[in-house]
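Fold and contact review
Read off the chains here:
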Amino acid sequence: MHLFTLLDMAAAGFPDRVGFGSRTDGLTYADLATKARKAATWIAGQKVERVVLIDENSPAVPVLLYGSALAGLPYAPLNYRLATDQLRSVLARTAPAVAVVDAPVVDRLGPVDGITFVTREEFLHQVDEAAEAADGPLDPEAAAIWLFTSGTTGEPKAAVLRHRHLASYVIGSVEFMGATDDQAALVSVPPYHVAGTSAVTSSVYAGRRVVYLPAFGPETWVDTVRDERISQAMVVPTMLGRVLDVLESTGERLPHLRNLAYGGGRMPVPVIERALRMLPHVEFVNAYGLTETSSTIAVLGHEDHKLALASEDPAVRARLGSVGRPLPTVEIEIRDPDGTPVPVDTAGEIWVRGEQVAGEYLGRKASTADGWFPTNDGGRLDRDGFLFLEGRLDDIIVRGAENLSPGEIEDTLLAHPSVADAGAVGVPDTEWGEAVAAVVVLNAGASATKEELQDWVRGHLRSSKTPEHVVFADSLPYNDMGKLLRRKLKEQLVTEAGA
Amino acid sequence: MDLKAGTGLKSTVCATEIIVVRTPSSAVDLRCGGAPMVTAADTAIQGQELNPAHRDGTLLGKRYADAASGLEVLCTKGGEGSLSVGDSPLVRKDAKPLPSSD
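I will try to describe carefully the structure that is included in this document. (Residues numbered from 1 in each chain as written. Chains lettered and ligands numbered in written order. Predicted model: local features only at pLDDT ≥ 70, side-chain atom pairs only at ≥ 80, totals over all residues. Heavy atoms only, no water.)

1. What about the nonpolar core?
Residue and element names in this part refer to chain A.
- Judged by nonpolar contacts, the single largest core of 123 residues is most densely connected at Y66, F123 and W221.
- Here this core gets 8 residues from one element, more than from any other, and that element is helix α2 (residues 29-45).
- Those residues in contact with F123 that sit more than four places away from it in its chain are A39, W42, A60, V63, L64, V100 and V118.
- Counting residues in hydrophobic clusters, the runner-up holds 22 residues, among them L82, V90, V105 and W146. (Core = buried A, V, L, I, M, F, W, Y, C linked by side-chain atoms within 4.5 Å. Buried < 20%, exposed > 50% of the residue type's maximum accessible area, 1.4 Å probe, protein only. Helix = DSSP H or I, 4+ residues; strand = E, 2+ residues; numbered from the N terminus. Contact = heavy atoms within 4.5 Å.)

2. Topic: the pattern of salt bridges
- Taken as a whole and judged by the stated rule, the model has 42 salt bridges over all chains.
- Put simply, R274(A) and D245(A) hold a salt bridge, and the shortest N to O gap is 2.9 Å. Of this pair, R274(A) sits in helix α11 (residues 269-278) while D245(A) sits in helix α10 (residues 237-250), and the two are 29 residues apart along the sequence.
- By relative accessible area, which is 43% here, D245(A) ends up partly exposed.
- A salt bridge links E355(A) to R22(B), with the nearest nitrogen and oxygen atoms 3.7 Å apart. Of this pair, E355(A) sits in the loop between β17 (348-354) and β18 (360-361) while R22(B) sits in strand β2 (residues 17-22), each in a different chain.
- According to the relative accessible area criterion, E355(A) is partly exposed, its value standing at 41%.
- Shared partners join several salt bridges into a network, and the residues in it are D313(A), R319(A), D382(A), R383(A) and D384(A). (Salt bridge = Lys/Arg side-chain N within 4 Å of Asp/Glu carboxyl O.)

3. Describing the pairing of strand β12 (residues 259-262) of chain A
Residues and elements named next belong to chain A.
- Going residue by residue along β12, you find N259 and A261 tucked away on one face and L260 and Y262 tucked away on the opposite face as well.
- In terms of strand pairing, strand β11 (residues 232-235) meets β12 through 4 bridges, oriented parallel. Bridged to Q232 within β12 is N259.
- With α11 bridging β12 and the parallel strand β13 (residues 283-290), this β-α-β connection has right-handed handedness. (Pairing = 2+ DSSP bridges. Right-handed = clockwise from strand over helix to strand, strands pointing away.)

4. What to know about the sheet that holds β17(A)
Residue and element names in this part refer to chain A.
- Read from one edge to the other, the open sheet built from 4 strands follows the order β16-β17-β20-β21, with strand pairing classed as antiparallel. Strands at the two margins of the open sheet, each flanked by one partner only, are β16 (330-335) and β21 (387-392). Taken pair by pair, the neighbouring strands of this sheet meet at an average axis angle of 45°, ignoring direction.
- With 4 bridges connecting them, strand β20 (residues 373-381) and β21 associate as antiparallel partners. Within β21, the residue paired with G379 across the bridge is L389. (Axes fitted to C-alpha atoms, helices over the stretch in contact; angles between N-to-C directions.)

What follows is the structure in structure tokens.
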């Protein structure tokens, strides 16, 4: 399967339906297919090997994605928020490439060997002037998208997603034209994130109009959802908390919103409980996936949310903090460090297999010969197959011989009435190897002592999980997708302790 | 016929086009409208006729499966003929409702 085939199907089946932009003057599927064919001609004329985007979301995104697909070249959306040096170094790895950019990027980066810069406006103009590319053979093995991982530990890795992976994900999880024509999705994740690319490919196949919010702000998000009559959206945990604050203060309840998916980081249970109470007409979906797996591999659906919230059984209730069950097209196993599967309710590394699983980086295959990809995420499966995440394996705190999940300690601290935010990391300890350190942000005007918080954790978990160190801070470091940068937190703590 | 996931085929008697999404366990005699199908690159075989017993039609975007061989195809262009392995019709797979997560 090939992504361009999926666009072709949408254009053949529903040519006049608006796929991107406003209902009145947005881009229809027929328009998009025409522009993508023109873009393919334009791309072929550039004599390059990659097509780069350094820009916020706009209707140029689907044109570039499908135009690259038809031209047979990988589309590589880069993180425009990277520091200049890092962005230059990532960009250099895509050479020879044409880079469609937001105009100020050209001055900021300066010349880069093998890279031709074109502004978004110029790109769209030149595409309109180009001839439509003819249908040619579409190779499902061709690389469709390169996505650079965030690279908090070193040089960013380029995950390579081939057409067959991305198309398998779409046709396995989305019903062709399953959306009614009054549905619209608000996309506020950036184009360089896998959720940004899958929002395009899934929405086109579902026949669901996409409205872009180029830069997230909770008030703008709420206004857009109301004004554009958005029926569904995807948010990361920090976004949801901020949106709920706006809803609480304005009384807005977004009556057209039907479906809210969240993912991309650990969602604190109190936040999702609050969301379920405030928006009873909205169906919540928790999605777990990785760049290397073409997006979602497990979902906690709305029924699961309701059953968990209403249950007296602690094991069922705990599922509100799970990421649900694997997609029917995906297999998930939990394995020990030797690669041997472990029993139910035992923590280990999450391994995944399925047609959507690419498990490949530039120049390196990261999955086994029989298709299993080790995610480097820790987790466990319960008796009914619900998956619980325990964070990146590198983040797990090893105290004595015990593996402690920082997320569980953070959730417990967050449940304390005085605590606004919390991060837990392991710090070097002569007795235990690692000790638990917690960095805590208190609510405005609230107070709590180190001893009080230690007693709180000891009372809810057990003593080995109680932070030996509690440090108070004004804020915690997050990346732009709302992921807590535990490594940065750890560096700060170790530096402070040493100083 | 040797079918692999990703293979594109077209009908010789109607507008139907499909892509194989699941490889069958063994070679199968895949037909549309009762007549053999050809790969997208082939020129259509002339003189084939739509068998009235196989004209329930195919629908764009629907998936069809043959339980015996595990073959599954996606219809990328609808047509008048219906799909079968030999004389045994492929069954349309109803969508399994998955919550949207993108």
